[in-house]
Structure formats: structure tokens, C-alpha cells
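# Structure at a glance
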Amino acid sequence: MRLFLLVVFTLAGWLSASPAAWAADEPQVVRDTLLLKDPKGPHISEAYRYYTEPFSTPVDPEQVERQWRAGRFQPGPWHKTLNLGLRHERVWIRLVVRNTDSERLRFVWSLFNFADSLTLYMQRQGETSFTRLGAASSWVPAEDRLFPARSLSLPFTLAAHETAVLYLRADVHTGGIYLPTYIETTEHFLAWEMGFPFERHWVWLLGFYLSSALFNLVLYAFLRDRIHLWYVGYVGCVTLFLMMEDGLEAMLLPAGLYRLVWSVGQYNFIVLAGAAGICIMQLFLRLHSGWPRLNRAGNWLAAGAVVFVLGYAGLFPWAVRHSLPLVQILNNARELLLLGIFGYCWAALIAVLLTQRRRQMAAFYLVTYFFFFTGYAFFWLNHVGATSFNPIYPNPMAWGLFVELLLLSALLTGRFRHTLRQNAQLRIRQLNLRNAQSARLIAALEKEREQLAREMHDALGPNLTALHFAWQGPAVREALATSPAADAAGRQAEQLLRALRDDVRTFSHALLPAKAGEDMLSKSVQALADLFNLHGNLAVRTYYDPGIDQLPVPLQQAVYRIIAELLNNAVRHSAATEIMVQVLRHASTLEVLVEDNGRGFTTNTPAAGIGLRGVQARAEYLRGRLHLDSSEHGTSVVAQIPL
């Protein structure tokens, strides 16, 4: 808040010392004739007179000249722009001009603001009537005008030392009669037009606006946060408004886009910018979570602004031709809507400032909003005719937007970094949650495997042993000895029972590794290898790097499952006689290698097997990779798991 007050007092002091205040002490002399081509000649505001009449009055410069003789014209503001505010009348500007040069010259009378139509009339010395020299309209693109330029410019010629009476008729229906005008020779006018974007700082101001919008598009690409899209819309609308204020759109926009922009209307872009500004402020202050009613009111106001602009754009052309009172109603409604938008923004900011929550955010945004609002206040006061004061070029609104975007970009960058931190913390929480869920799932699987192993070992194993002993009993032996065929079948059944009993024992131990604290991984793998070695025709050899028993218990269990599944596949499918199991611990990875000398397979074959798919799934869960190499001389499987 101290920064806010400092800015206010600094601005007030600057305005009190502005050149406009000094100019008030100069003598105000009203001239009868504007001396053209005279460097010491009077300013145009010292010589012209103006008169207004209803739009319904027929256009007749002769009738207007009679009003001049009747004394109904009045001088314009001295050294200021003719500003009549929110009036809906036709304006006639009368000016007596004289060419002080010794040669015939071509001059241009220009209007640097919007006009539905602008017409120039001239009465030379010795003539009794006015001649219509030409007309122009802001609805027409610059290249299609009588004199192609960003401003509405109407040319006329004067002979050496010739004097003439000029009438400039301006019809403006947009609800703000602001007529900055000047007369200059064609050569000086074109030279001024060429240097205008540079002398009035528009080149780098527009560059800053564009870069600011592009910067927020980049932020949106990273965050998908709608506040950056609203920011781009806000910058675009205000920039278009400022371009239309100084006629830059006639220089920069193609004809089709120019017509589209003016079909919306200059002042309506400020309405749209206000709607986008409401959305930016709501998202920045998070009004939806703390002030839901205030947030809903802003949503309705922003939506109403968009609907109004659409209705205005559709009704305005028809109303100009058929119902001038409706034009006035539309313009007045627009001004009330603008006041409502800016009033809502101040109310929302003050409401947040008066609470403990997010007070600092509201204070930052208040300083940011203040700069644009100050510039807009100058513009709006000029627009309604309350003042005619422009302390800085191109205008206070353009510089207010510059400072606002500078600060708002800093705030949104801070919001971007804060959002990145929040997203990172969210990803960490999600990862921790997933790891915890995976750990619980693995623990449940291990418990289920342990229960299954105990059931196989404690229930199925003894039953198979009992069945084996019963098969070896005297009664069965005597029955089988009755014939050679029965005796052969009996011996085959006995071998199957023995193999089945050994398989149950091997599978139960494969499902149930050694307990933690008992040289877990190395002892479990070695015990499993010893079981496979009991078959007699198979030799399983093992090698372990030091320190593998100090690995985390879940990792040891996963490695044990991988080794058990690979050993089981080698025994069942490869007919191998030798299997080598290695567990190697490197600096950043754990490598599990299982090699056999059995018959290999094609690389497409194991994809359908449940065993290798399970090994692949376990390796991927541990963020590892599985490499398989198989040929007719054997198979090698390597699992690389990051530590």
C-alpha cells in the first residue's frame, strides 16, 4: 500500500507540473484567418469556429453559412482538441485560410479520429456558393479513400496568396465527438505520417504488447492455465482499441480485417478488454474459492459485456440509418457498462484487501490495476467531454497499459513458478502414493505366495509322501507282481509320484524365499539352486557381488522372483544341463544374469509365455530393462534395474 500511495502522489505532482498547466498562462488570442505555410502563423485552434446541428437536418453548407452570419458559431478550445463529449449531433467547422506562399500549393485537412463521414466544402474569393471538394469515411480502408492515409484526409489547393473559406462537416455516431484536426501541405503531411510510429513511440509499444502476449501463450503451453489465454485476449483488445484511436489499424491491418474490426466498434474493444480483465482478476485472486457470490457476479458481468458487444455490432448499422434514438441508447448503455466493469473490479479488489486471506495478492494486483485505470480515467474523462487533457504521447492509456502489462507479466511469472512448484509437489505426492500402493500390493502378493507355499509344503507334500509310501506297501507290491505289465506300470507310477513330490517341494521353496535377517537374497537364491540341483541331471551355479543382502527388502524380493521364474523356465523348456545365475551390483544399477546351455527359441516365442511376461512386468515396474538373447546353443536373459 505504501508503494501505491507513493505512485499516487508522484503522479499528482507530475500532472500539476505538466506543460498543459503552463500553457494556461499564455495569452489566448482568437484569429480570423489561418495563415498556411507561415511558420509564425496561428494554430488551427485559434482560427476555426464550430457549429452543431441535429443529424436529421438536411445537409446544406449555404444554410450553415447563414447560421455563421447569425452569430451561432463559437470558437473551439484554445490550443486544445475540439471535444464535445457524448453528443449525438453533426459538427461543422468553419475556417478561413490563406496561402502565404508565392506558389500554388496543395494542402490536406486531416481528422485523426473516427468519423462515419467527413466532407470538405470550399468557397473561394468571388464565389457565392460552396463547392464540395471530397468526402471520406473511417468505415472505408485507407487504400480506398480519396487520400490514402491512416487519418481521414481531404486535399485542397490554393493559389499563391489566395484566401478561401472552408467547411469541414463531421458525422460521428459512436457517442464521443473528439476531433483532433490539422492542416498541412501534402509534403509535410506525408513526412509526418512516415515518422509518426517512431516519434510517438508506437513501434516499440506495439512490440512490447505483442511480445507480452506471446510470452503468455508460452506460459499457457506449459501450464494450460486459462488466465494466460484471458491475458492474451485482454492485451489484444486493448491494443486494437489504441491502434484505432490513432489510426494505426489503417496502416497495419488488411482491408478484410480492418472492416471486421470496425464492425465490432472501437469502444466495444474496451468493453471486451474489461470482460477479459475481470476473468484475469478472478483467477489471480481465486475468487471462486473464497468469494463465490462475488465471483458469480463477475461471471455474469463479463458474459453480459460479450452479449452486449454482439448486440451492439448487429444493431448499430441499422440504427444509424433508421433510428438515431436507438444509437444514443446503445452508446449510453455502453458507457454505463464500462462504469459497471471498472466499479466491479475496484469492489472486488477492496473486498479482498479487507480480509486476511490473500491480502498481499490483492495489494500486488491493485498496484498493477491502478496504472491502467489511471490511464483509462484520463481517456474516459476526455471521451465524455469533462476534460481535454493529454499529458503524454501517444496517450496516458497506452503508457498505463505498458506499465500494467509489465507488472502483470511479473506477477504471472511468479504465479507460473508457484504453479510449477505445486505441480512438482503434486507429482511427488502422487509418486509416493503410487509407491505406497505398489508396496502394499507386493506385500499382499508375498503374503499370498507364502500362504500358497505353506499349503503346498504342509498339505500337498505330506499327502504325496503318504501316497508314495502306500504305493510301496506289500499289498500293492504283491498285486503289481502278478504280471510283468503291471509291474512296469507300477514302477512308472512310482517314478511319477517321486517327481511330483520333488516338484511340489521345489515350487514351495521357490515361492517362499528366506526371511529377512537370514542373508535374505543370497541365501534364498542359493537354497533355490540347491533344490534344482537335486534333480541330478542339472547343475545350477550362482555368483553374487558383495552387498546384495543390504538392498531394500522389496527389491530383494522382486529380484528373487525374477530369478525363480527364469530358473523355472530353463528347467521346464530348455532341457539345459548347466545354468549360471549372477547378481552383480554396479554403481547405479543391479544386473541379474541367468544363462543356460539348453535349446533356444525364437524371439517371438516367449512373448506368449506367462513366465517371461511376468519377468518383463517386474523389470518395468522397477524402471529397469530386460534383454534376451537365445540361440540353439543356449539362452541368456539380463535384467538391469536402477538402484
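Residues numbered from 1 in each chain as written. Predicted model: local features only at pLDDT ≥ 70, side-chain atom pairs only at ≥ 80, totals over all residues. Heavy atoms only, no water.

### Section: the side chain of H383
You can see H383 is positioned in helix α13 (residues 359-383). The exposure class of H383 is buried, given its relative accessible area of 6%. One polar contact links H383 to E335, side chain to side chain, over a distance of 2.9 Å. Residues within four places of H383 in sequence aside, it is in contact with N83, G85, L86, G175, G176, Y267, R334 and E335. (Helix = DSSP H or I, 4+ residues; strand = E, 2+ residues; numbered from the N terminus. Buried < 20%, exposed > 50% of the residue type's maximum accessible area, 1.4 Å probe, protein only. Polar contact = N/O pair within 3.5 Å; in protein donor to acceptor, adjacent residues only side chain to side chain. Contact = heavy atoms within 4.5 Å.)

### Focus: the pattern of salt bridges
One pass over the structure, following the stated rule, counts 10 salt bridges. Residue E89 pairs with R87 through a salt bridge whose shortest N-O separation is 2.6 Å. Since its relative accessible area comes to 22%, E89 is described here as partly exposed. Classification of R87 as partly exposed rests on a relative accessible area of 29%. Among the salt bridges present, the one from R169 reaches D171, with a minimum N-O distance of 3.4 Å. Residue classification places D171 among the buried residues on the basis of a relative accessible area of 9%. (Salt bridge = Lys/Arg side-chain N within 4 Å of Asp/Glu carboxyl O.)

### Thoughts on the side chain of N216
Mapping N216 onto the fold places it in helix α5 (residues 202-223). Using a relative accessible area of 0% as the deciding quantity, one classes N216 as buried. Contact partners of N216, with chain neighbours within four places excluded, come to H228, Y231, V232, S409 and L412.

### Overview of the packing of helix α6 (residues 226-245) against helix α9 (residues 266-285)
Between α6 and α9, the least distance of the axes is 8 Å, while the angle of their chain directions is 155 degrees. In terms of orientation, α6 and α9 fall into the roughly antiparallel class. Taken as a pair, α6 and α9 cross one another with a handedness that is left-handed. For the pair α6 and α9, the contacting residues are R226, I227, W230, Y231, G233, Y234, C237, V238, L240, F241, M244 and E245 in the first and Q266, Y267, F269, I270, L272, A273, A276, G277, C279, I280, L283 and F284 in the second. Taken together, the residues of the contact of α6 with α9 sort by class into 19 nonpolar, three polar and two charged. (Axes fitted to C-alpha atoms, helices over the stretch in contact; angles between N-to-C directions. Parallel < 35°, antiparallel > 145°, perpendicular 65-115°, else oblique. Left-handed = near helix turned anticlockwise from the far one by under 90°. Nonpolar A, V, L, I, M, F, W, Y, C, P; charged D, E, K, R; others polar.)

### A closer look at helix α11 (residues 292-322)
Counted at 1.5 Å a residue, the expected span for α11 with its 31 residues is 45 Å, and the 43 Å between its end C-alpha atoms agrees. Roughly 40 degrees is the biggest bend found in α11, and it falls at L315, with proline P317 one to four residues downstream. Those residues of α11 that fall on the buried side of the exposure criterion are N295, G298, A302, A305, F308, V309, Y312, F316 and A319. Here the buried face of α11 lies against α8 (255-264), α9, α10 (287-290) and α12 (324-353). (Expected span 1.5 Å × (residues − 1). Bend = angle between axes of the 7 residues up to and from the residue.)

### A few points about unusual backbone geometry
With phi around 60 degrees, H79 is a residue other than glycine that occupies positive phi space. Structurally, H79 can be placed in the loop between β3 (74-75) and β4 (82-85). In the Ramachandran plot, R623 falls in the positive-phi region, its phi being about 60 degrees despite a non-glycine side chain. Looking at the element boundaries, R623 is found in the loop between α19 (610-621) and β16 (625-631).

### Considering the confidence of the model for the protein chain
Segments scoring low in pLDDT should not have their predicted coordinates read at a detailed level. Averaged over all residues, the pLDDT of the protein chain equals 82, while 82% of them reach at least 70. Across the protein chain, element-level confidence peaks in strand β10 (residues 163-171) with a mean pLDDT of 96 and bottoms out in helix α2 (residues 19-23) with 40. Predicted confidence is poor over residues 1-25, with pLDDT under 50, and the contacts of this stretch with residues over four places away or in other chains come to 20 contacts. (pLDDT = per-residue confidence, 0-100.)

### Describing the pairing of strand β8 (residues 131-136)
For a regular strand, the rule is simple: side chains alternate between the two faces of the sheet. In terms of strand pairing, strand β7 (residues 117-124) meets β8 through five bridges, oriented antiparallel. What sits directly across from T119, in β8, is A135. Linking two consecutive strands that pair antiparallel, namely β7 and β8, is a turn of six residues; a positive phi of about 90 degrees is found at G126 within it. (Pairing = 2+ DSSP bridges.)

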